[in-house]
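# Structural overview
The primary structure of each chain is shown beneath.
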Amino acid sequence: MMDNEDFRKHAHELVDWMADYFEEVEDYPVKPDIQPGDILQQLPDEAPQKSESFEEQFKDFQNIIMPGMTHWQSPNFMGYFPANTSHPSVLAEMLTATLGAQCMSWLTSPAATELEERVMEWLRKAIGLPNPFTGVIQSTASTSTLCALLMARERITDFEINASGFPKDETFTVYCSSETHSSIEKDVKIAGFGRRNLRTIKVDDKHAMDPKALEEAIREDLENGFKPTAVVATIGTTGSTAIDPVKEIGEICAKYDIFLHVDAAYAGTALLLPEMRWMNEGIEHADSFIFNPHKWMFTNFDCSAFYVQDEALLVRTFEIMPEYLKTPEDQRVKNYRDWGIPLGRRFRALKLWFVMRSYGIEGLQEKIRQHIQFGQQLKEKIESHNHFELLAPVPLNTICFRFHPNFIDDEKKLNELNEKLLNQIQESGKLFLTHTKLDGKYTIRIVLGNTNLKQRHVDNAWRLIQDIANRLI
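Scope of this entry: the structure provided in the associated data block. (Residues numbered from 1 in each chain as written. Predicted model: local features only at pLDDT ≥ 70, side-chain atom pairs only at ≥ 80, totals over all residues. Heavy atoms only, no water.)

### What about the overall build of the protein?
Along its length, the protein carries 14 helices and 11 strands. Over its C-alpha atoms the protein spans a radius of gyration of 24 Å, differing by no more than 12% from the 23 Å that the globule rule assigns to 473 residues. Taken over 473 residues, the protein has a buried fraction of 53%. Taking all contacts inside the protein whose residues are at least 6 apart in sequence as the whole, residues at least 24 apart take part in 73%. Of the roughly 22,800 Å² that the protein leaves accessible, carbon and sulfur atoms contribute 50%. Taking the average location of the 51 positive side-chain charges in the protein and that of its 70 negative ones, the two points are 2 Å from each other. (Helix = DSSP H or I, 4+ residues; strand = E, 2+ residues; numbered from the N terminus. Rg over C-alpha atoms; globule rule 2.2 N^0.38 Å. Buried < 20%, exposed > 50% of the residue type's maximum accessible area, 1.4 Å probe, protein only. Contact = heavy atoms within 4.5 Å. Areas by Shrake-Rupley, 256 points an atom, 1.4 Å probe, with all protein chains shown as cover. Lys, Arg positive; Asp, Glu negative; His and termini not counted. Charge placed at Lys NZ, Arg CZ, Asp CG, Glu CD.)

### Considering the pairing of strand β2 (residues 172-177)
Among the 6 residues that make up β2, 6 are buried, leaving the element largely enclosed by the rest of the structure. In the sheet, β2 pairs with strand β3 (residues 198-201) via 4 bridges, with the strands oriented parallel. By the bridge assignment, Tyr175 is partnered in β3 with Arg199. Traced from β2 through helix α7 (residues 183-190) to β3, the parallel crossover comes out right-handed. (Pairing = 2+ DSSP bridges. Right-handed = clockwise from strand over helix to strand, strands pointing away.)

### Some points on a negative patch on the surface
A contiguous patch of negative charge, built from Asp16, Asp20, Glu23, Glu24 and Asp27, is present on the exposed surface. Mapped onto the fold, Asp16 is located in helix α1 (residues 4-24). (Patch = residues over 30% accessible without salt bridge, like charges linked within 9 Å, V, L, I, M, F, W, Y side chains within 5 Å. Salt bridge = Lys/Arg side-chain N within 4 Å of Asp/Glu carboxyl O.)

### Details of helix α14 (residues 455-471)
Each α-helix winds once per 3.6 residues, and so residues spaced three or four apart point in a common direction. Compared with an ideal rise of 1.5 Å per residue, which puts 17 residues at 24 Å, α14 spans 25 Å between its outermost C-alpha atoms and is within 8% of the ideal. Buried residues along α14 sit in contact with α12 (349-383), β8 (388-390), β9 (398-403), α13 (411-428) and β11 (441-447). (Expected span 1.5 Å × (residues − 1).)

### Structural notes on the sheet that holds β11
Strand order in the open sheet made by the 4 strands is β8-β9-β11-β10, with antiparallel pairing throughout. With one partner strand each, in any of the chains shown, β8 and β10 (434-438) form the two edges of the open sheet. Averaged over all adjacent pairs, the angle separating strand axes in this sheet is 40°, with direction ignored. Across 3 bridges, β8 lies against β9 in antiparallel orientation. (Axes fitted to C-alpha atoms, helices over the stretch in contact; angles between N-to-C directions.)

### With respect to the sheet that holds strand β4 (residues 227-234)
The sheet built from 7 strands is open, its strands ordered β1-β7-β6-β5-β4-β2-β3 with mixed pairing. Two strands in the sheet have a free side with no partner beyond their single neighbour: β1 (134-138) and β3. Taken pair by pair, the neighbouring strands of this sheet meet at an average axis angle of 20°, ignoring direction. Relative to strand β7 (residues 304-308), strand β6 (residues 288-291) runs antiparallel, the two sharing 4 bridges. Paired with Phe289 across the strands is Tyr307, a residue of β7. Of the strands in this sheet, β2, β3 and β4 are in contact with helix α8 (residues 211-223), which crosses β2 at around 165°.

### Some thoughts on the pattern of salt bridges
All told, the structure shown has 24 salt bridges when counted by the stated rule. One salt bridge in this structure joins Glu275 and Arg369, with 2.7 Å as the shortest N-O distance. One end of the pair, Glu275, is in the loop between β5 (259-263) and β6; the other, Arg369, is in helix α12, with 94 residues separating them in the sequence. Residue Arg369 is classed as partly exposed on the basis of its relative accessible area, which comes to 36%. It is possible to trace a salt-bridge network through shared partners that takes in Glu93, Asp302, Arg346, Arg348 and Lys351.

### Examining the packing of aromatic side chains
Summed over the entire model, instances satisfying the criterion amount to 21 aromatic pairs. Summarising the aromatic geometry, the rings of Trp353 and Phe354 are spaced 6.1 Å apart at their centres and angled 50° between planes, so their arrangement reads as tilted. Look at Trp353 and you get partly exposed, because its relative accessible area is 25%. Between Arg199 and the ring centre of Phe226, over which it is positioned, the NZ or CZ distance is 5.2 Å. Its end group placed over the ring of Phe298, Lys367 keeps NZ or CZ at 5.5 Å from the ring centre. (Phe/Tyr/Trp six-rings, centres within 6.5 Å; stacked < 30°, edge-to-face > 60°. Lys NZ or Arg CZ within 6 Å of the ring centre and 35° of its normal.)

### Description of the packing of helix α3 (residues 87-99) against α12
Close contact between α3 and α12 brings their axes to 8 Å; oriented N to C, the two are set at 150°. In terms of orientation, α3 lies roughly antiparallel with respect to α12. α3 and α12 meet at a crossing whose hand is right-handed. Contacts between α3 and α12 involve Pro88, Ser89, Ala92, Glu93, Leu95 and Thr96 from the first element and Leu350, Lys351, Phe354, Val355, Ser358 and Tyr359 from the second. (Parallel < 35°, antiparallel > 145°, perpendicular 65-115°, else oblique. Left-handed = near helix turned anticlockwise from the far one by under 90°.)

Here it is in structure tokens:
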């Protein structure tokens with residue numbers, strides 16, 4: 001068994017290993033060269049009956065686990081959206097793990113509650129959200145959006161569904177674009193609306209929601225006796241970072257008294273830049289808003305910033321008060337256990353506090369501007385290349401493109417060619433990209449938002465993409 005002196009010794013060893021990893025991570029193959037089951041077959045079928053030394057455990061970590069890791073912190077990881085970390089965030093996570101606090105209420109950890117309250121206010125001001133918004137840290141955007149839909153559900157029924165369940169004679173509808181993240185459909189199912197009552201609204205040529213189509217769908221549902229309940233607008237869709245027109249959507253929601261939730265999970269970090277606040281025009285119409293510092297704001301997963309205009313609606317949707325949770329301070333403090341789904345809560349505010357203080361707002365802005373600049377420069381290179389083409393606008397730092405030799409026009413062949421290109425990029429271990437489909441076209445995505453990304457990484461990535469593409473023709 002490990003005592004405190006052993007802990008001290010091994011903790012120092014781990015910190016040295018962690019610092020080495022940060023320095024060396026770009027030298028690792030970004031994607032492991034293994035097959036399904038390769039790790040599993042190296043793990044014993046049964047847990048050990050007797051204590052094993054830390055040296056044995058760490059040796060197995062290095063020999064079994066590390067060869068099977070995809071290195072998200074590598075600057076050569078340019079797929080999905082980043083799940084960034086940073087030195088101050090990791091240090092804060094170490095403190096959080098050491099304290100082991102369960103931060104469900106003010107009484108269980110007063111400092112955790114009050115730090116979260118203050119940091120969320122800092123963040124609200126930093127991204128330009130108006131005064132009525134109040135924030136709480138949730139685990140993910142999926143969870144935050146589920147909270148929003150549950151708020152919308154209770155708002156339209158005056159909390160009757162919480163009390164008695166869904167009425168048999170009423171059907172509630174939810175609206176999002178065809179490019180909205182898949183978690184919206186999942187949340188609609190979990191919240192009890194039913195998948196059939198999710199209306200997928202068509203998008204325009206920029207892959208953003210069409211407000212006219214939204215209003216037509218709302219009117220049709222009203223005529224057919226349905227109850228339009230919530231609209232989810234997206235700032236920065238997962239496929240192409242399309243920006244839904246929040247102002248026009250918000251005006252429609254206000255006209256029909258529909259709850260508006262704005263999902264800015266990735267792109268919301270760009271609101272730190274005053275010049276990017278055009279994306280948020282009309283945000284005063286939103287009832288809730290979410291973005292993830294654990295994506296592009298250099299804060300370890302998980303940390304989702306969820307803001308609402310009606311704090312009382314949020315709390316009333318979730319609060320429950322058994323005798324064992326009552327405390328003398330309840331009327332004078334925020335008990336964040338009533339601000340979301342789980343009772344138990346991690347001390348997530350600490351890492352956000354460390355990150356914001358370590359970088360400062362100006363430091364965060366500098367890195368985000370640099371990433372956007374990288375994206376715009378690569379966009380220009382792709383546009384000017386004879387055999388590559390953009391498949392979506394590039395408002396930020398996500399580029400959607402494909403390899404399109406000028407002698408191939410068949411869409412099926414182009415899709416097969418680009419799928420082959422992406423597979424060979426992944427197999428190289430030098431770069432990690434992902435794909436989507438836009439207008440039926442196989443689309444390669446590159447996201448330039450990693451904490452340690454430099455110009456040379458972008459240049460190397462573009463060179464590798466071209467080299468592999470040239471070998472395919």
